[in-house]
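Residue-level structural notes
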Amino acid sequence: MLGVLAVSGLGAFLALLLEIADTYIADYGEQHIFVNGERDLVVQGGKPLLFALGEHGIYLPSACGGKGTCAYCKARVLEGGGPVLPTETPYLSSQDLENHIRITCQVKVKETVRVEVPDELLNVRQYHVRVLALENLTPHIRLVRLQMPAASEGFRFKPGQYVQLEVPKYKSTSGPEFRAYSIASASHEPEVLDLVIGRVEGGAVSTYVHDYLKTGDVVNIRGPFGDFWLRDSERPVLLIATGTGLAPLRSMLFQIERDRIARSVTLFFGARTRDDLFFFEELREVEKRLPNFHFVPTLSRPAQGDAWEGEVGRVTRLIDEQIPEGAQMDVYICGAPEMVQSCMELLEKKGVPSDRILFDMFA
Ligand SMILES: Cc1cc2nc3c(=O)[nH]c(=O)nc-3n(C[C@H](O)[C@H](O)[C@H](O)COP(=O)(O)OP(=O)(O)OC[C@H]3O[C@@H](n4cnc5c(N)ncnc54)[C@H](O)[C@@H]3O)c2cc1C
Ligand code: FES
């Protein structure tokens, strides 16, 4: 047993040494990245493909900031990516492998690379934006309001999409870090962008946002990204969120109101206590203005002093009790992965086809 531990420990140590040598000693000189058979980018060799593309203004989706844990940064690498690494294989299906799909934050540019990037991602831009306002919506959730450039300068998004927010190096990080945050504001007012950011204990970006970010600071935003947006259909809409998962659904609600979409819309919003139920009054106001909108908040652990007379329990209980078998509806779910998974299973049991359920998982 001790022998096995010693050998695997030595293996890990050697792998670390190789990684350090590769990062700090190896010199791969200038290399070329050909994008979509057209653009020829010259980069300093040795960098992860994701970041080398970013330096030239080509931003791929990413939720983990390049740590190799989200698999959002997939792209087709036709030449020069080297062998597929063990850090990539858990995220690549056999079809991905056949199609030369790679996890671009894990692929280092050590020779000429040919990569395919979807055309819509070539429109993603980076913006330096000022923090207009910060507001604590709950003890753990903060609203970050950003001043974006005028719409004429190109920032447009579909309600439901997200941006990457980059924060500078601070005492808990070794460099700038970025993460994905859904846009919580109206797409017809793209000059002001709202993000709703929950504190994750020990989290690099969320801790910065909660403890260090100040009104007037300038941060980098890249986007828009994602395909979680309201699809055209005549069917009723069911929106389901817990916690900060409300962010993209709020943006969709602004769209529904502005475009006078006549479909019936129900929002199930789950929180623990009344204090965690942010945007409550705002959503009640939307309900007054929109006769086809029904807001159903539910508390999983109402506090003693909450004097709560609404629904109690998780959002899954609302699905169980309020959604009939064979319901014809389009569903949009957003929040923690376990909640999204449980809701999907329940809805599918009720006969809602999986292609009518869209979701974004915040992890
Ligand atoms: C498409 C998309 C949209 C998102 N939109 C939002 C949004 O609107 N608002 C929002 O607050 N977040 C959102 N997220 C989550 C966000 O991107 C970050 O993952 C989150 O803020 C944590 O980042 P961090 O740098 O603070 O923590 P990290 O430094 O990335 O993580 C630190 C540790 O916490 C763990 N961890 C990470 N996230 C969580 C979590 N949620 N709960 C418990 N542990 C966690 C990690 O595994 C790690 O061990 C979204 C994610 C995706 C993929
Ligand atoms: S950016 Fe998350 S896995 Fe590559």
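Anything mentioned here points back to the structure above.
Residues numbered from 1 in each chain as written. Chains lettered and ligands numbered in written order. Predicted model: local features only at pLDDT ≥ 70, side-chain atom pairs only at ≥ 80, totals over all residues. Heavy atoms only, no water.

Moving on, we get to unusual backbone geometry. Residues Gly-223 and Pro-224 are joined by a peptide bond in cis, for which omega reads 0°. Phi is positive for His-100, which is not a glycine, with a value near 60°. Looking at the element boundaries, His-100 is found in the loop between α3 (94-98) and β4 (101-103). With a phi angle near 60°, Phe-279 is a residue other than glycine that sits in the positive phi range. The class for Phe-279 is buried, based on a relative accessible area of 13%. (Helix = DSSP H or I, 4+ residues; strand = E, 2+ residues; numbered from the N terminus. Buried < 20%, exposed > 50% of the residue type's maximum accessible area, 1.4 Å probe, protein only.)

Here we take up the layout of surface pockets. The space that makes up the largest pocket amounts to roughly 1,400 Å³. As for the largest pocket, its lining consists of 46 residues, and the residues nearest its centre are Thr-242, Thr-244, Gly-335, Ala-336 and Phe-362. Residue assignment for the lining of the largest pocket shows that the elements contributing at least two residues are β9 (177-182), β10 (192-198), α4 (204-211), β13 (265-271), α7 (315-322), α8 (337-349) and β17 (357-361). In terms of residue class, the lining of the largest pocket is built from 20 nonpolar, 17 polar and nine charged. (1 Å grid on protein atoms, 1.4 Å probe; cavity = no way out; pocket = protein on both sides within 12 Å on 5 of 7 lines; lining within 4 Å. Points joined across faces, edges and corners; volume = space filled by probe spheres on them. Nonpolar A, V, L, I, M, F, W, Y, C, P; charged D, E, K, R; others polar.)

Moving on to the nonpolar core. Counting 33 residues, the largest nonpolar core has Val-196, Leu-239, Leu-267 and Phe-293 as the members making the most contacts within it. The set of elements that each furnish at least two residues to this core consists of β7 (141-147), β12 (237-242), α5 (246-258), β13, α6 (280-289), β14 (293-299) and β16 (330-335). For this core, the element with the highest residue contribution is α5, accounting for six residues. Built from parts of two domains, this core gets at least three residues from each of domain 2 (124-225) and domain 3 (237-361). Residues contacting Leu-267, with those up to four places away along its chain left out, are Leu-239, Leu-246, Leu-249, Leu-253, Leu-283, Phe-293, His-294, Phe-295 and Val-296. (Core = buried A, V, L, I, M, F, W, Y, C linked by side-chain atoms within 4.5 Å. Domains from an automatic or database assignment. Contact = heavy atoms within 4.5 Å.)

What follows covers the site of ligand 1. For ligand 1, the set of nearby residues contains 22 residues, the closest of which are Ala-180, Tyr-181, Val-196, Val-205 and Ser-206. Measuring from an oxygen atom of ligand 1, one finds a side-chain N or O atom of Arg-179 at 2.9 Å. The separation between an oxygen atom of ligand 1 and a polar side-chain atom of Tyr-181 is 2.6 Å. Protein chains shield 71% of the accessible area of ligand 1, which is 930 Å² for the free molecule. Structurally, ligand 1 is housed in the largest pocket. At the level of secondary structure, the elements contributing two or more residues to the shell around ligand 1 comprise β9, β10, α4 and β17. If one sorts the elements of the shell around ligand 1 by residue count, β9 sits on top with four residues. Of the residues assigned to the shell around ligand 1, the class counts are 14 nonpolar, five polar and three charged. (Near = heavy atom within 4 Å. Polar contact = N/O pair within 3.5 Å; in protein donor to acceptor, adjacent residues only side chain to side chain. Areas by Shrake-Rupley, 256 points an atom, 1.4 Å probe, with all protein chains shown as cover. Sits in = over half its atoms within 2 Å of the grid points.)

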